[in-house]
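This is what each chain is made of:
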Amino acid sequence: MAGTFQVREIKVTSWINQNTVWLSFEGGIDAQPGQFVMVWLPNVGEKPFCIASTHPFGLLVVDVGPFSHAMLQLKIGDRVWVKGPLGRGFSIEGDKILLVAGGYGSAPLLSLAQRACTQGKKVSVCLGAKDQEGLLLSDEFVELGCQVSLATEDGSCGTRGLVTTIVEEVIREWDVDTLYACGPVGLLSALAKLCHQYLLNYQLSWEAHMRCGMGLCGSCEVPISFDSSLSVGWLACYDGPVFVKRWD
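Throughout what follows, the structure given in this document is the object of discussion. Everything numeric here is computed off the predicted structure, so don't read it as measured data.

## Side note on the pattern of salt bridges
Tallying each qualifying case throughout the model produces four salt bridges. When the shortest N-O distance is used, the salt bridge between lysine 11 and glutamate 9 registers 3.3 Å. Lysine 11 gets classed as partly exposed once you look at its relative accessible area, which sits at 41%. The shortest N-O distance in the salt bridge between glutamate 93 and arginine 246 comes to 2.5 Å. You can see glutamate 93 sitting in the loop between strand 7 (79–86) and strand 8 (96–102) and its partner arginine 246 sitting in the segment after strand 14 (242–245), a full 153 residues away along the chain.

Below, the structure is given as structure tokens:
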């Protein structure tokens, strides 16, 4: 139930790197790729997390602040309180789709790739990060049968530079139907401009500071300066987090 918190027990913890853990919980969750949940820990607080897996329900947690640091201390058998799924997720459109992630933005795109591959879609994935350690879940995308391209700013893995460099190459060579992305605001803004240039349909999952997760407080309004197609007052938690732009 989206409006109430439910207790979830951790069944599996899998460390991706020294700062990132995959938490798998008991049971599944009926959610679309790109939707999110609010997670509450007693005496710590409440924060949003993208749903990385639906069956079993799973979250990818990166150590970026006090709350996520507390999440990384959890062990098998520990419990968290979860509200969701919330927000609007991705919808699969077209036969050739391109997924673009910066850092831990790969989490919601993995479940999207799983669903698209099950439907027989051709999936190309571009992952970018500062260094090789920051490239998350690349092996999992390969195992699904996706075409995977990598970029790191320091050149430690894949193409040296920003992920947008390899994205534009795929757009030119692969006849993409729809681009999907999740990651830092700067990346999403750059991808929006790129899609406007090529008149390419896109679905972007916007990150924003969320408090209520239900569109009540307005703290997660995404400025239209990030993407000229956004409307004033567009809320990541209620209207999104996925924003859809179609040119037809």
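## Here we look at helix 5 (residues 185–198)
With 14 residues, helix 5 extends 20 Å from end C-alpha to end C-alpha; this agrees with the ideal 20 Å at 1.5 Å per step. Leu187, Leu188, Ser189, Leu191, Ala192, Leu194 and Cys195 are the residues of helix 5 that are buried. Lining the buried residues of helix 5 we find strand 8, helix 4 (163–174), strand 12 (178–182) and strand 13 (201–205). Phi turns positive, to about 50°, at leucine 199, one or two residues after helix 5.

## Focus on the packing of aromatic side chains
Counting across every chain of the model gives six aromatic pairs. Ring geometry for phenylalanine 49 versus phenylalanine 67: centroids 6.0 Å apart, planes at 40°, classification tilted. Of this pair, phenylalanine 49 sits in strand 4 (residues 45–50) while phenylalanine 67 sits in helix 1 (residues 66–72), and the two are 18 residues apart along the sequence. For phenylalanine 67, a relative accessible area of 6% puts it in the buried group. Taking the centre distance of 5.7 Å and the plane angle of 75° together, the rings of phenylalanine 90 and tyrosine 180 count as edge-to-face. Taken as a pair, phenylalanine 90 in the loop between strand 7 and strand 8 and tyrosine 180 in strand 12 lie far apart in primary sequence, 90 residues in all.

## Brief notes about the packing of helix 4 against helix 5
Close contact between helix 4 and helix 5 brings their axes to 11 Å; oriented N to C, the two are set at 25°. When the interaxial angle is binned, helix 4 and helix 5 end up roughly parallel. The handedness of the crossing between helix 4 and helix 5 is right-handed. Contact residues: Val163, Thr164, Val167, Glu168, Ile171 and Arg172 in helix 4; Leu187, Ala190, Leu191, Leu194, Gln197 and Tyr198 in helix 5. Among the residues making up the contact of helix 4 with helix 5, the classes are represented as eight nonpolar, two polar and two charged.

## A look at the pairing of strand 6 (residues 57–62)
Burial runs high along strand 6: six of the six residues are buried. Relative to strand 6, strand 2 (residues 20–25) is paired through five bridges, and the arrangement is antiparallel. When the bridges of strand 6 are listed, valine 21 appears paired with valine 61. As judged from the two bridges shared by strand 5 (residues 53–54) and strand 6, these two strands associate in the antiparallel manner. Across the sheet, the residue bridging to threonine 54 is phenylalanine 57, located in strand 6. Between strand 5 and strand 6, which follow one another and run antiparallel, lie two residues.

## Comments concerning the layout of surface pockets
Considering only enclosed or pocket space, the second largest pocket measures out at about 630 Å³ in volume. Lining the second largest pocket are 26 residues, and of these Gly102, Gly103, Gly128, Ala129 and Lys130 sit closest to its centre. Counting only elements with at least two residues in the lining of the second largest pocket, the list comes to strand 9 (122–129), helix 4 and helix 5.

## Quick notes on the sheet that holds strand 1 (residues 5–17)
Spatially, the seven strands line up as an open sheet ordered 4-3-7-1-2-6-5, and their pairing is antiparallel. Here the strands that pair on one side only, and so sit at the sheet edges, are strand 4 and strand 5. Relative to strand 4, strand 3 (residues 36–41) runs antiparallel, the two being bridged by six bridges. Following the sheet pairing, phenylalanine 36 is matched in strand 4 by cysteine 50.

## Description of empty space enclosed by the protein
The full count for this structure, using the stated rule, is one cavity of 30 Å³ or more. Empty space within the largest cavity amounts to approximately 30 Å³. Around the largest cavity sit Gln6, Arg8, Ile29, Val82 and Gly84, which together line it. Looking at the lining of the largest cavity, the elements that each hand over two or more residues are strand 1 and strand 7. Residue composition of the lining of the largest cavity, by class: two nonpolar, two polar and one charged.

Rules used throughout
- Residues numbered from 1 in each chain as written.
- Predicted model: local features only at pLDDT ≥ 70, side-chain atom pairs only at ≥ 80, totals over all residues.
- Heavy atoms only, no water.
- Salt bridge = Lys/Arg side-chain N within 4 Å of Asp/Glu carboxyl O.
- Buried < 20%, exposed > 50% of the residue type's maximum accessible area, 1.4 Å probe, protein only.
- Helix = DSSP H or I, 4+ residues; strand = E, 2+ residues; numbered from the N terminus.
- Expected span 1.5 Å × (residues − 1).
- Contact = heavy atoms within 4.5 Å.
- Phe/Tyr/Trp six-rings, centres within 6.5 Å; stacked < 30°, edge-to-face > 60°.
- Axes fitted to C-alpha atoms, helices over the stretch in contact; angles between N-to-C directions.
- Parallel < 35°, antiparallel > 145°, perpendicular 65-115°, else oblique.
- Left-handed = near helix turned anticlockwise from the far one by under 90°.
- Nonpolar A, V, L, I, M, F, W, Y, C, P; charged D, E, K, R; others polar.
- Pairing = 2+ DSSP bridges.
- 1 Å grid on protein atoms, 1.4 Å probe; cavity = no way out; pocket = protein on both sides within 12 Å on 5 of 7 lines; lining within 4 Å.
- Points joined across faces, edges and corners; volume = space filled by probe spheres on them.

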